[in-house]
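Working through the structure, step by step
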Amino acid sequence: EEIGLDGATVIPGAIDVHVHLRDPGFPHKEDWATGTAAAACGGVTTVFDMPNTNPPTSSVAAVRDKIARAEEVAHVDFGVYGNVCDTNLDALEPMIAAGAVAFKIYMGSENTLVPAPSDDTILSALEIFGRHGLRTTVHAENQSILAGRGRRLKAAGRSDAAAHLEQHIDLAEVEAIGRVALFSRAAGAPVHIAHVSSAQSLPVLAAAKRDGTDLSCETCPHYVTLSVADGARLGDNFMRVKPPVRGPEHRAPLRRALFGGAIDVLSTDHAPHRPEEKTRPSIWDCAPGFPGVETSMRLMLTAVASGELTLGRYVEMAAEAPARLFGLAPRKGHIDVGSDADIVVLDLARHNRIDAALLHSRGNATPFHGIETIGLPVRTMVRGRTVMCEGRIVSAASGACVRGRD
Ligand code: DOR
Ligand code: ZN
Ligand code: ZN
């Protein structure tokens, strides 16, 4: 293949360790073909899919089924998360053997498909994963606070965006991070804190790292780009995401922590829903989350263009750190000679406007619609094969399952 790269910049493909591709169970929101096409168009060459599908990825059969579905149609490489619940401790090691790349623990959950496990289960699961050197991704919110406050707010007839924020108080996140850090140390198991949303979590994360806990964390474009104030423009209920996008006082500290390295990883929590699912009159009926996998890189390149973020730090948070933390280096890594040619070609000068109608995700209800960006991934190569060129998928699906060390 001969390609002209005159004046272009190349970087490693992004590894997004937090996406929801919805298959099996919710193909009207997304499936493996649309979600990985969106990833390829966003410069993402590997995705890790979350287990809150239907059926949830909580058994050996579910891991095998999901890998088989993805292998058929995925445009980029993928890992499959297993879920931890109170009834599947005995299945966790067989799920590793079946190909789960890592596991997700929902400490806080309102989803009956992936109910929050007990503290005893969480600790026991971490002991198992610690023996395998597997890092576990944790949705860190206090379940009792979420459930109790949710119940009381609904009983009081509250159904607005402010009620959603009152339910997801900062303390719910801060407490869960502190607790899982203690469990991580006790179990000798590395943990990864998903979607850090509160500036109040930053000192707790820093303290855990200082104490030698093997803890890493991520945040997502919406937490470092938006605040509740954007509800005036987008609709307060449309803004619903768990954990919530909070007041404007959180955005700058989270952004500084991500760009400076205190937050290790940029993921997206790509959580596509149909537009009609995001615009219902009661916030409790609005589906939480946003698509993100196709817009993340260009939003970050815009920060590179303004001088706020270095391209080197972007590559570290989007590719190197996820590869290292989840054991993908060097086979899928981007650090050593001999790594896979998962490469993205950038046009750093390209001005563009994000248009929801042009996104490949089926759940294209993006809060970034209309935003002007500078810098665009124009070609995505997975293991040396061009899968995306100028916003189009150009080769047959050939995504492969990845797994870390075990
Ligand atoms: O906003 C969210 N959406 N948070 C979650 O934890 C789940 C996700 C989803 O699957 O829609
Ligand atoms: Zn989550
Ligand atoms: Zn998620």
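Residues numbered from 1 in each chain as written. Chains lettered and ligands numbered in written order. Predicted model: local features only at pLDDT ≥ 70, side-chain atom pairs only at ≥ 80, totals over all residues. Heavy atoms only, no water.

Looking only at helices and strands, the protein features 13 helices and 13 strands. Against the compact-globule benchmark of 22 Å for 406 residues, the protein has a radius of gyration of 20 Å, which places it among compact chains. By principal-axis analysis of the C-alpha atoms, the protein measures approximately 60 × 50 × 40 Å. A burial count over the protein gives 60% of its 406 residues as buried. Across the protein, every contact between residues at least 6 apart in sequence was considered, and the portion connecting residues at least 24 apart equals 76%. Computed over 41 positive and 48 negative side-chain charges, the inter-centroid distance for the protein is 3 Å. (Helix = DSSP H or I, 4+ residues; strand = E, 2+ residues; numbered from the N terminus. Rg over C-alpha atoms; globule rule 2.2 N^0.38 Å. Buried < 20%, exposed > 50% of the residue type's maximum accessible area, 1.4 Å probe, protein only. Contact = heavy atoms within 4.5 Å. Lys, Arg positive; Asp, Glu negative; His and termini not counted. Charge placed at Lys NZ, Arg CZ, Asp CG, Glu CD.)

By nearness alone, every residue bordering ligand 1 is listed as His20, Arg22, Asn52, His139, Val241, Lys242, Ala271, His273, Pro288 and Gly289. Within the side chain of Asn52, a nitrogen or oxygen atom sits 2.8 Å from an oxygen atom of ligand 1. Alone, ligand 1 offers 290 Å² of accessible surface; in the complex the protein occludes 91% of this. Placement of ligand 1 is best described as lying within the largest pocket. (Near = heavy atom within 4 Å. Polar contact = N/O pair within 3.5 Å; in protein donor to acceptor, adjacent residues only side chain to side chain. Areas by Shrake-Rupley, 256 points an atom, 1.4 Å probe, with all protein chains shown as cover. 1 Å grid on protein atoms, 1.4 Å probe; cavity = no way out; pocket = protein on both sides within 12 Å on 5 of 7 lines; lining within 4 Å. Sits in = over half its atoms within 2 Å of the grid points.)

Here the focus is helix α7 (residues 170-187). Since there are 3.6 residues in each turn of an α-helix, residues three or four apart along the chain are aligned in direction. With 18 residues, α7 should cover 26 Å at 1.5 Å per step; its first-to-last C-alpha distance of 26 Å lies within 8% of that length. Among the residues making up α7, those that are buried are Asp170, Ala172, Glu173, Val174, Ala176, Ile177, Arg179, Val180, Ala181, Phe183, Ser184 and Ala187. One or two steps after α7, the chain reaches Gly188, where phi turns positive at roughly 65°. (Expected span 1.5 Å × (residues − 1).)

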